[in-house]
Amino acid sequence: MKHACVAYDRAIHQATEHDGQLRLGDGRLVAFDAVRWLPPLAPVPRPRTILALGLNYADHAKELAFKAPEEPLVFIKGESSLIGHRDHTVRPAGVEFMHYECELAVVIGQTARKVQRANAYDVIAGYTVANDYAIRDYLENWYRPNLRVKNRDTGTPLGPWLVDAADVPNPMNLALQTTVNGRLTQSGHTRDMIFDVPCLIEYFSSFMTLKPGDLILTGTPDGVVDCQPGDVVVTEIEGIGALINTIAAAP
Amino acid sequence: MSSPPFMPTGTIYGTLLNTLDEWVALSPQMAQPPYKGAPKAPVLYIKTANTWSPCDSPITVPAKATEVEVGASIGMVIGAPAQRTTVRDALDHIAGYVLMNDLSLPHASFFRPPVKYKNLDGFLGIGPRLLPPHEAGNPNHFRLEVRIDGELRQTVDYARLVRPAAQLLADVSEFMTLHPGDVLLLGCGAQRPLAHTGQRIDINAPGLPTLGLLSNTLVAEAA
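Residues numbered from 1 in each chain as written. Chains lettered and ligands numbered in written order. Predicted model: local features only at pLDDT ≥ 70, side-chain atom pairs only at ≥ 80, totals over all residues.

### With respect to the overall build of chain A
Regarding its fold elements, chain A presents three helices and 19 strands. Over its C-alpha atoms chain A spans a radius of gyration of 17 Å, differing by no more than 12% from the 18 Å that the globule rule assigns to 251 residues. Out of the 251 residues in chain A, the part that is buried amounts to 51%. Partitioning the contacts of chain A with sequence separation of at least 6, the portion at a separation of at least 24 is 73%. (Helix = DSSP H or I, 4+ residues; strand = E, 2+ residues; numbered from the N terminus. Rg over C-alpha atoms; globule rule 2.2 N^0.38 Å. Buried ≥ 20, exposed ≤ 12 C-beta atoms within 10 Å, placed from the backbone. Contact = placed C-beta atoms within 7 Å.)

As structure tokens, this is what we get:
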């Protein structure tokens, strides 16, 4: 099943996909374009942990002139950088290089502590699509990638759907792609991850307990290009969804 | 009747290199690889919710770690959304101040995000109390003392910051909104003491007894 979280009729609703429409929790059916899409996540009792991978596809590491890491390169994002499907991401004034990153996002479904790789799929609730924008002008070599690059307001579109893990037989066998104004600019495949999803869950849960609703953004393949205000960026993963985002000029 | 210990509700952002003694200690390395320059923006990291330990609770040290580094800091708890605030207005967004003990596994490189050193379960002591600004006064006058098993091991002086509280908040809010319940740490100082399993860490602010005493004991991981 595909789950969404939407604002409609002055309230926030958990919803599911139903024959090309959204079925709200109260049973009403509404059109996709009648709602404001929010990140497809249920509320959690404490701030969710959002782990994000850098250089987790060999081709992207090469593109950025880094050798592939020997252990996961991870950074953490605050929840307030998340926005939903069909929303806008701000390009700051005066920057040279702002790029999207299409990523498979894992949503944790059960408390996970010291989980072995062989059991890792048991703790996953489902998957969604993340677009982990970066402003490369702001990169500094202190806790790189630093938060000014990766934790900006509107910088992390997520959605449209949370797809149940049961409906994704093999998350390590999915095609990813990004289009900018309809032109294909990024194309990759989750089988090319350096650290695959079970490996990442084993690694993180070895020292930190993950809780339901926590996220792992698993990194992006080769093919990132600069985006300008007005560009429509669609990050899409096979069987998970197509996440639409538009670049906006700074206010 | 005492109120329950304060626990935050938002995201906790830590700050590296915001005390002058840290800056001085690292400045000889700043021009060298991998840093290739002094940081321009505030150097931040996140202490995820799995790290949060209330005051007086034990904190588990993994079996492989011989020592942990103590990171005493003041946390500024946000009360009103802070987005591109000015230095002059910055402190109006603060709901209060709280003591924090930002524990780390000791590490010498600050090139990559410190997740495996700083985001271990329990590695952030918090509390006990949120002190509102009208009781706390000017944050530039705060001082912290760190004791391990009762012995004074470090003082942190918030008159000696790279970015004083208002400047730090303004500079961070330039690129990300701080929301009510979020916390921004002012900095932990250089010369952070090391502690090991069995020891008690106490942090207090002399002159601000109403902030309370943040006390945590390090315990060994169960076999």
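Further notes follow.
### Comments concerning unusual backbone geometry
With an omega of 0 degrees, the peptide bond between Arg144 of chain A and Pro145 of chain A qualifies as cis. Looking at the element boundaries, Pro145 of chain A is found in the loop between strand S13 (134–135) and helix H2 (147–150). Each neighbour pair has its own omega, and for Pro33 of chain B with Pro34 of chain B the value is 0 degrees, a cis peptide bond. Despite not being glycine, Lys36 of chain B shows a phi value in the positive range, around 55 degrees. By secondary structure assignment, the location of Lys36 of chain B is in the loop between helix H1 (20–30) and strand S2 (43–47). One non-glycine residue, Asp149 of chain B, lies in the positive phi region at around 50 degrees. With respect to the helices, strands and loops of the structure, Asp149 of chain B is situated in the loop between strand S9 (143–148) and strand S10 (151–157).

### A look at the sheet that holds S9 of chain B
Residues and elements named next belong to chain B. Across the sheet, five strands lie side by side as S4-S14-S13-S9-S10; this open sheet has mixed pairing. In this open sheet, the two edge strands, each paired with only one partner strand, are strand S4 (58–61) and S10. The mean angle between the axes of side-by-side strands here comes to 25 degrees, regardless of whether they run parallel or antiparallel. Where S4 and strand S14 (residues 213–220) come together, four bridges link them in parallel fashion. Across the sheet, residue Thr60 finds its bridge partner in S14, namely Val219. (Pairing = 2+ DSSP bridges. Axes fitted to C-alpha atoms, helices over the stretch in contact; angles between N-to-C directions.)

### Notes on the domain arrangement of chain A
Residue and element names in this part refer to chain A. With domains assigned, chain A is organised as domain 1 (1–38) and domain 2 (44–249). A straight line from the C-alpha centre of domain 1 to that of domain 2 covers 24 Å. Tallying the contact residues gives seven residues for domain 1 and ten residues for domain 2. Of all the elements in the fold, those that place two or more residues in the side of domain 1 that touches domain 2 are strand S1 (2–8) and strand S5 (36–38). Considering each element in turn, the side of domain 1 that touches domain 2 owes the most residues, three residues, to S1. For the side of domain 1 that touches domain 2, a count of residues per class yields four nonpolar, one polar and two charged. (Domains from an automatic or database assignment. Nonpolar A, V, L, I, M, F, W, Y, C, P; charged D, E, K, R; others polar.)

### Things to note about the interface of chain A and chain B
Of the residues lining the interface, 26 residues belong to chain A; the matching set on chain B comes to 30 residues. When residues of the side of chain A that touches chain B are assigned to their parent elements, the largest contribution, four residues, is made by strand S7 (residues 73–77) of chain A. Looking at the side of chain A that touches chain B residue by residue, the class counts come to eleven nonpolar, eight polar and seven charged.

### Considerations on the sheet that holds strand S6 (residues 72–78) of chain B
Residues and elements named next belong to chain B. Sheet architecture is open: seven strands sit in the order S2-S1-S11-S6-S7-S8-S3, paired in mixed fashion. Each edge of the open sheet carries a strand with a single partner, namely S2 and strand S3 (52–54). Within the sheet, the average angular offset between the axes of one strand and its neighbour, ignoring direction, is 35 degrees. The sheet contacts of helix H5 (residues 165–173) involve strand S1 (12–16), S2, S6 and strand S11 (183–185), and relative to S11 the element is tilted by about 125 degrees.

### Looking at the pairing of strand S15 (residues 175–180) of chain A
All names here are of chain A. Pairing analysis gives six bridges linking S15 to strand S16 (residues 183–189), with the strands arranged antiparallel. Bridging from a neighbouring strand, Gln177 pairs with Ser187 of S16. Between S15 and S16, which pair antiparallel in sequence order, lie two residues; one of them, Asn181, sits at a positive phi of approximately 50 degrees. Bridge count between S15 and strand S18 (residues 232–237): five bridges; the pairing is antiparallel. Along S18, the bridge assignment pairs Thr178 with Thr235.

### Points about the pairing of S18 of chain A
Residue and element names in this part refer to chain A. One ladder, built from six bridges, connects S18 with strand S19 (residues 241–249); its direction is antiparallel. Looking at S19, one finds that Val233 is bridged to Asn245. Where S18 folds back onto S19 in an antiparallel hairpin, the turn is made up of three residues, including Gly239, whose phi is positive at roughly 80 degrees.

### Concerning the environment of Thr11 of chain B
Within the secondary structure, Thr11 of chain B sits in the segment before S1. Judged by the 28 C-beta atoms lying within 10 Å of it, Thr11 of chain B falls in the buried class. Linking Thr11 of chain B and Asp171 of chain B, residues 160 residues apart in sequence, is a C-alpha distance of 17 Å. Setting aside residues no more than four positions away along its own chain, Thr11 of chain B makes contact with Pro47, Gly78, Glu79 and Ser80 of chain A together with Ile46 and Asp182 of chain B.

### A closer look at helix H3 (residues 197–205) of chain A
Val197, Leu200, Ile201, Phe204 and Ser205 of chain A are the residues of H3 of chain A that are buried. The buried side chains of H3 of chain A occupy one side of the element, clustering within an arc of 115 degrees when seen end-on. (Arc of directions from axis to C-beta.)

### What to know about the nonpolar core
Within the largest apolar cluster, 137 residues are counted, with the highest numbers of intra-cluster contacts made by Leu51, Ala105 and Val106 of chain A together with Met76, Leu169 and Leu184 of chain B. Residue assignment places this core across two domains, with domain 1 (1–38) and domain 2 (44–249) of chain A each supplying three or more. What Leu51 of chain A contacts, discounting residues up to four positions off in sequence, is Val74, Ile76, Phe204, Leu215, Ile216 and Leu217 of chain A. (Core = buried A, V, L, I, M, F, W, Y, C linked by C-beta atoms within 7 Å.)

### Comments concerning the environment of Pro171 of chain A
Residues and elements named next belong to chain A. Mapped onto the secondary structure, Pro171 falls in the loop between strand S14 (156–164) and S15. Residues Pro171 and Tyr121, 50 residues apart in the sequence, show an inter-C-alpha distance of 9.9 Å. When residues no more than four places from it in sequence are discounted, the contact partners of Pro171 are Leu104, Tyr127, Thr190 and Val197.

### A few points about the environment of Leu24 of chain A
Residues and elements named next belong to chain A. Of note, Leu24 is situated in strand S3 (residues 21–24). Under the C-beta neighbour-count criterion, Leu24 is labelled buried, with 20 such atoms within 10 Å. Along the sequence, Leu24 and Gln14 sit ten residues apart, while their C-alpha atoms lie 6.2 Å from each other. In contact with Leu24, not counting residues within four places along its chain, are Tyr8, His13, Ala15 and Val30.

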